[in-house]
Amino acid sequence: MSRAVVGLMAGMALGFAAYFGDFWAFLLVLVLGAVGLVIGRFMEGDLELGDFVRSRDRQERIRDDRRRVRGD
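Heads up: these notes are all about the structure in this document. (Residues numbered from 1 in each chain as written. Predicted model: local features only at pLDDT ≥ 70, side-chain atom pairs only at ≥ 80, totals over all residues. Heavy atoms only, no water.)

### Here we look at the packing of helix H1 (residues 3–20) against helix H2 (residues 23–44)
Then, number 1: For the pair H1 and H2, interaxial distance at closest approach is 7 Å and the crossing angle is 160°. Relative to H2, the element H1 is oriented roughly antiparallel. Viewed along their axes, H1 and H2 form a crossing whose handedness is right-handed. Contact with H1, carried on its side by Ala13, Leu14, Ala17 and Ala18, involves Ala25, Phe26, Val29 and Leu30 of H2 and no other residues of that element.
Then, number 2: When the residues that make up the contact of H1 with H2 are grouped by side-chain class, the tally is eight nonpolar, no polar and no charged. (Axes fitted to C-alpha atoms, helices over the stretch in contact; angles between N-to-C directions. Helix = DSSP H or I, 4+ residues; strand = E, 2+ residues; numbered from the N terminus. Parallel < 35°, antiparallel > 145°, perpendicular 65-115°, else oblique. Left-handed = near helix turned anticlockwise from the far one by under 90°. Contact = heavy atoms within 4.5 Å. Nonpolar A, V, L, I, M, F, W, Y, C, P; charged D, E, K, R; others polar.)

### A short note on the layout of surface pockets
Then, number 1: For the largest pocket, the calculated volume is near 480 Å³.
Then, number 2: Every residue lining the largest pocket is counted, 17 residues in all, and those nearest its centre are Val6, Ala10, Gly33, Gly36 and Leu37.
Then, number 3: Secondary-structure elements contributing two or more residues to the lining of the largest pocket are H1 and H2.
Then, number 4: Looking at which element gives the most residues to the lining of the largest pocket, the answer is H2, with nine residues. (1 Å grid on protein atoms, 1.4 Å probe; cavity = no way out; pocket = protein on both sides within 12 Å on 5 of 7 lines; lining within 4 Å. Points joined across faces, edges and corners; volume = space filled by probe spheres on them.)

Put into structure tokens, the structure is as follows:
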């Protein structure tokens, strides 16, 4: 499924929540969608738990990106 389709479905869900519900329903759908996005990215391997709990300097991130490109 492409990102455009996922974005369309998320936008439609927010639109339905705003139209049929109130502000709190809209906010609930928005927050749960963000939580689902973070969990999905974590499950795909795009995010790691360490990204949230430790800070790294710029050089270390550049080295990690180069390792990923090379396949190390």
